[in-house]
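The lines below spell out each chain.
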Amino acid sequence: MEEETSLNKLFPGGRALVGEVSAQGAMRRRLQDLGFVPGAQVECLGKSPLGDPSAYRVRGAVVALRGRDARLIGVRPL
């Protein structure tokens, strides 16, 4: 398994396991509520034409995140 990187570096079609969420406060809670918890599998479904935001599938839901928020989620590519 590869080393941990950040979610924003995952390319469309790429899958990974969520590691550490480095966000703090309300943003951390929001990301956890969306399903970005350690061990959850996440897949990058695509990026917008300008590259931001990107769409991810996590725990059966599709979530769009801006790069600055996705950068706060550590992942281990599968």
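Up top is the structure.
Computed from a predicted structure; not experimentally measured. (Residues numbered from 1 in each chain as written. Predicted model: local features only at pLDDT ≥ 70, side-chain atom pairs only at ≥ 80, totals over all residues. Heavy atoms only, no water.)

Asker: Residues and numbers for the overall build of the protein, please.
Answerer: Secondary structure assignment for the protein yields two helices and six strands. Its C-alpha atoms give the protein a radius of gyration of 11 Å, within 12% of the compact-globule value 12 Å for 78 residues. For the protein, the spread of C-alpha atoms along the principal axes amounts to about 30 × 25 × 20 Å. Relative to its full complement of 78 residues, the protein shows a buried share of 37%. Total accessible area on the protein stands at roughly 4700 Å², and carbon and sulfur atoms take up 50% of it. Positive and negative charge centroids in the protein, built from 12 and 8 side chains respectively, lie 5 Å apart. (Helix = DSSP H or I, 4+ residues; strand = E, 2+ residues; numbered from the N terminus. Rg over C-alpha atoms; globule rule 2.2 N^0.38 Å. Buried < 20%, exposed > 50% of the residue type's maximum accessible area, 1.4 Å probe, protein only. Areas by Shrake-Rupley, 256 points an atom, 1.4 Å probe, with all protein chains shown as cover. Lys, Arg positive; Asp, Glu negative; His and termini not counted. Charge placed at Lys NZ, Arg CZ, Asp CG, Glu CD.)

Asker: An account of the pattern of salt bridges is requested, with residue identities and associated values reported.
Answerer: Here the structure, examined in full by the defined rule, presents four salt bridges. A salt bridge links R29 to D33; the nearest nitrogen and oxygen atoms lie 3.2 Å apart. One end of the pair is R29 and the other is D33, both in helix 1 (residues 25-33) and four residues apart, which spans about a single turn. When sorted by exposure, R29 lands in the same class as D33, which is exposed. (Salt bridge = Lys/Arg side-chain N within 4 Å of Asp/Glu carboxyl O.)

Asker: Which residues make up the nonpolar core, and what are the values?
Answerer: Core analysis: the largest hydrophobic core is formed by 18 residues, its most contacted members being L7, F36, V42, Y56, L65 and I73. At the level of secondary structure, the elements contributing two or more residues to this core comprise strand 2 (15-21), strand 3 (41-47), strand 4 (54-58), strand 5 (61-65) and strand 6 (73-77). Once you skip the residues sitting within four places of it in the chain, V42 turns out to touch L7, L10, G14, R15, A16, V18, F36, Y56, R57, V58 and V75. (Core = buried A, V, L, I, M, F, W, Y, C linked by side-chain atoms within 4.5 Å. Contact = heavy atoms within 4.5 Å.)

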